[in-house]
Structures are given as structure tokens and as C-alpha cells.
Amino acid sequence: MRIGSVVIDCIDFETMWRFWQEALRYVPREDPADGWVVLRDPAGPNVNVSLQKVVEPRVGRNRLHLDLYTGDPAAEVERLLALGATRHPRAAEPDKDFVVLADPEGNLFCVVEKKLDP
């Protein structure tokens, strides 16, 4: 058994799937249809991220979040902010290797400094 996809519920489906497509540099496995899309890593090895349209808003804190690894967190945070992410009000601690952001619907995720394999 393995994880095939992490699914993110969203109200504004168009905004959210485009944000995550650009954020992860993933491509749709098939064309989005009926409020559903599976985004896949074009290089192949990483877990899919899927988006599904829902009618009820998110309430409370995320119970699950993504950690996005990068060797250049400062540049990636700026890129993600330009795509529509926002900074979480949590103050960054000097000894931490991550920054907490929120996607356009307020779902939290972390940008983590981690050297990536080539």
C-alpha cells in the first residue's frame, strides 16, 4: 500500500487548483472536470495532490498540512506569496528551518529548508 494522492477540499476550485498547480509545478493528470482534478509531478516520483470542490467552508485549524521542501526557502516563499499565498501570523523563530504560509482558502502549509537530491 502507498499514498497515491493527498486531497484538498476547496470552495473556489478554479483558484485553488491553479494555485497548487503553480506552487508545486505539477500538471493535471487529466483535464479538471466536475470540481475535481489530480495534479501530478511531471517528473513522476512524488505524491499526487488532488483538489475537490466542496460547498461547506473549512472550520477551525487544519488537521493535516503539507511540508514543501526546498533548498531556497526565501525565494520559494516570495514566489508562493506572489501566487496568492499569505504569511501565517505565527512569528518565525530564529532556529526554525520552516515558514508557515496559507493557501488562498486559508489552509496552512510549511516551506521547509531542506537540501534536495538532484
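Not measured: the values here are computed from a predicted model.

### Looking at the layout of surface pockets
Logical step 1: Of the pockets and cavities examined, the largest pocket occupies roughly 680 Å³.
Logical step 2: Among the elements of the structure, α1 (13-24), β5 (66-70) and α2 (73-83) are those that each provide at least two residues to the lining of the largest pocket.
Logical step 3: With five residues, β5 is the largest single contributor of residues to the lining of the largest pocket.
Logical step 4: In this model, the second largest pocket occupies a volume close to 400 Å³.
Logical step 5: As for the second largest pocket, its lining consists of 22 residues, of which Val7, Ile8, Asp9, Arg58 and Asn107 are closest to the centre.

### Comments concerning the sheet that holds strand β4 (residues 48-53)
Logical step 1: Ordered by their spatial adjacency, four strands build an open sheet running β1-β4-β3-β2, and the pairing between neighbours is mixed. Edge positions in the sheet fall to β1 (5-10) and β2 (27-28), since each has one partner strand and no second.
Logical step 2: Together, β1, β2, β3 (36-40) and β4 form the strand contacts of α1, whose direction differs from that of β4 by roughly 170°.

### Some thoughts on the sheet that holds strand β7 (residues 98-102)
Logical step 1: Pairing is mixed across the open sheet formed by four strands, whose spatial order is β5-β8-β7-β6. Every other strand in the sheet has two partners, leaving β5 and β6 (86-87) as the edge strands with one partner each.
Logical step 2: Alignment of β6 against β7, held across two bridges, turns out to be antiparallel. Counterpart to Arg87 in the pairing with β7 is Leu101.
Logical step 3: Sitting on the sheet, α2 touches β5, β6, β7 and β8 (108-113), and the angle it makes with β8 is about 150°.

### Looking at the pattern of salt bridges
Logical step 1: Enumeration over the complete set of coordinates arrives at five salt bridges.
Logical step 2: For Arg18, the salt bridge goes to Glu14, with nearest N and O atoms at 2.4 Å. In this pair, Arg18 and Glu14 both sit in helix α1, four residues apart, roughly one turn of the helix.
Logical step 3: According to the relative accessible area criterion, Arg18 is partly exposed, its value standing at 44%.
Logical step 4: When its relative accessible area of 40% is taken as the criterion, Glu14 is described as partly exposed.
Logical step 5: One salt bridge connects Glu30 with Arg29, and the closest N-O pair in it is separated by 3.3 Å.
Logical step 6: Put simply, Arg25, Glu76 and Arg79 are held in one network by salt bridges that share partners.

### Brief notes about unusual backbone geometry
Logical step 1: Despite not being glycine, Arg25 shows a phi value in the positive range, around 60°.
Logical step 2: Secondary-structure assignment places Arg25 in the loop between α1 and β2.
Logical step 3: At Asp34, a position not held by glycine, the phi torsion is positive, near 55°.
Logical step 4: Of note, Asp34 is situated in the loop between β2 and β3.
Logical step 5: The class of Asp34 is exposed, set by a relative accessible area of 82%.

Reading guide: rules and limits
Residues numbered from 1 in each chain as written. Predicted model: local features only at pLDDT ≥ 70, side-chain atom pairs only at ≥ 80, totals over all residues. Heavy atoms only, no water. 1 Å grid on protein atoms, 1.4 Å probe; cavity = no way out; pocket = protein on both sides within 12 Å on 5 of 7 lines; lining within 4 Å. Points joined across faces, edges and corners; volume = space filled by probe spheres on them. Helix = DSSP H or I, 4+ residues; strand = E, 2+ residues; numbered from the N terminus. Pairing = 2+ DSSP bridges. Contact = heavy atoms within 4.5 Å. Axes fitted to C-alpha atoms, helices over the stretch in contact; angles between N-to-C directions. Salt bridge = Lys/Arg side-chain N within 4 Å of Asp/Glu carboxyl O. Buried < 20%, exposed > 50% of the residue type's maximum accessible area, 1.4 Å probe, protein only.

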